[in-house]
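What follows is each chain in one-letter form.
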Amino acid sequence: MKEFIEKLPKAELHLHIEGSLEPELMFELAKRNNIDFKFKSVEEVKKAYEFSNLQDFLDIYYEGAGVLIKEKDFYDMTMAYFKKCHEDRVVHTEIFFDPQTHTDRGIAFETCFNGFHRACEDAKKNYGITSHLIMCFLRHLSEEEGFKVLEMALPFKDKIKAVGLDSSEVGHPPSKFKNLFDKCREEGFLTVAHAGEEGPPEYIWEALDLLKVSRIDHGVRCLEDEKLVERLVKEKMPLTVCPLSNIKLRVFNTMKDHNFKDLLAKGLNALINSDDPAYFGGYMNQNYIETAQALDMTKEEIAQSAINSFESSFLSREEKDKHIADIKALLN
Ligand code: ADE
Ligand code: ZN
């Protein structure tokens, strides 16, 4: 099974690039940039990675991102992620970035953006991995702040495929960002949003109806609402599920309690992703392996997740078909 997963071509559609910053690189960057860092050793950082909910994690995640200063820092972090993709046979990835985490510290939008984008180009050259960038708005901040970062992003519009919504979910429903997302769609961006991770099914309805999303990020709480499940199935709405993240942030107690297999069984378009792999204990293959083992998934169910990942991506029909044919060849 492990061997099958390692060979399987996969697309990753839910990955926060700032969440791929490994403690070792975090320390190197803190040193390189002369930052007086809260943590004094790699071990101390790793010890702090015990979370009881999303907010607990986000506090440390924003602290960690504080070591990213120069374009090269953003480039190095992104290239380190692409190396993991290459090792895990992730052949296509759609990467979230959080500009407000950086612009609010006085880092120019283009400094972070150019680092991400240059790495995407080099990953195509070095590894043949294709990618898109998705700009996320931090939902704990105001819609007005979101409009400000959108202005900064417009000169780079043709290099940003979609916009998303992340950070603290509960208390910050999608409806808070309706006007901003209307404007983003007018500008030609596709939209996605985190919903139904810790937040209730109503947030998923709002993401669909008000933000007109192409995908729901997480969405695991949809099973609490039968009518919602019916609609998600009918619309083949992708749910970018992140199993290790859900365990670390205590959305489910253990992997055996995870509902990934139930989502597939209901006919939902669910797929496995890593979310913030440096914080949650593993990249794509680790997520696939631990989920498949705990839930006793068949090869067909594992392959379904990978097929769903390409179907749900923003690749062209032709590119999707090519990758899906490669997966089907592995099943025969
Ligand atoms: N930002 C980084 N990871 C996140 C997650 N799992 N949920 C919401 N915001 C995030
Ligand atoms: Zn996420």
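Residues numbered from 1 in each chain as written. Chains lettered and ligands numbered in written order. Predicted model: local features only at pLDDT ≥ 70, side-chain atom pairs only at ≥ 80, totals over all residues. Heavy atoms only, no water.

1. Thoughts on the packing of aromatic side chains
Put simply, the test is: Paired rings are identified among Phe, Tyr and Trp, the last through its six-membered ring, by centres lying within 6.5 Å, and are further divided according to the angle between planes into stacked (under 30 degrees), edge-to-face (over 60) and tilted (the rest). Note on conventions: DSSP H or I runs of at least 4 residues are helices, E runs of at least 2 residues are strands, and numbering of each starts at the N terminus. The buried label goes to any residue with under 20% of its type's maximum accessible area, the exposed label to any with over 50%, and the partly exposed label to all in between, with areas taken from a 1.4 Å probe on protein chains only. Whether a charge lies above a ring is judged from NZ of Lys or CZ of Arg, which has to be within 6 Å of the ring centre and within 35 degrees of the ring normal.
Per the stated rule, a full pass over the model turns up 20 aromatic pairs. Centroid distance F57 to F280: 4.7 Å. Interplanar angle 50°. Geometry classified as tilted. A residue pair is termed long-range when its members are at least 10 positions apart, and F57 in helix α4 (residues 54-65) and F280 in helix α14 (residues 277-280) qualify at 223 residues. The pair formed by F57 and F280 is uniform in burial state, with each residue classed as buried. A centroid spacing of 5.1 Å and a plane angle of 65° characterise the contact between Y61 and Y62, whose relative ring orientation is edge-to-face. Grouping aromatic residues by their ring pairs yields a cluster made of Y49, F51, F57, Y61, Y62, Y279 and F280. K10 extends its terminal NZ or CZ atom over the ring of Y288, reaching a point 5.9 Å from the ring centre. A cation over an aromatic ring shows up here: R118 above the ring of Y75, its NZ or CZ 4.4 Å from the ring centre.

2. Things to note about the pairing of strand β4 (residues 162-166)
To keep it simple, the criterion reads: The pairing criterion is simple: DSSP has to find at least two bridges between the two strands.
Counting buried positions over the five residues of β4 gives five, a clear majority of the element. The alternating pattern of β4 places A162, G164 and D166 on one face and V163 and L165 on the opposite face, and all of these are buried. Looking at chain direction, strand β3 (residues 130-138) and β4 are connected through five bridges and run parallel. Looking at the pairing, F137 lines up with L165 of β4.

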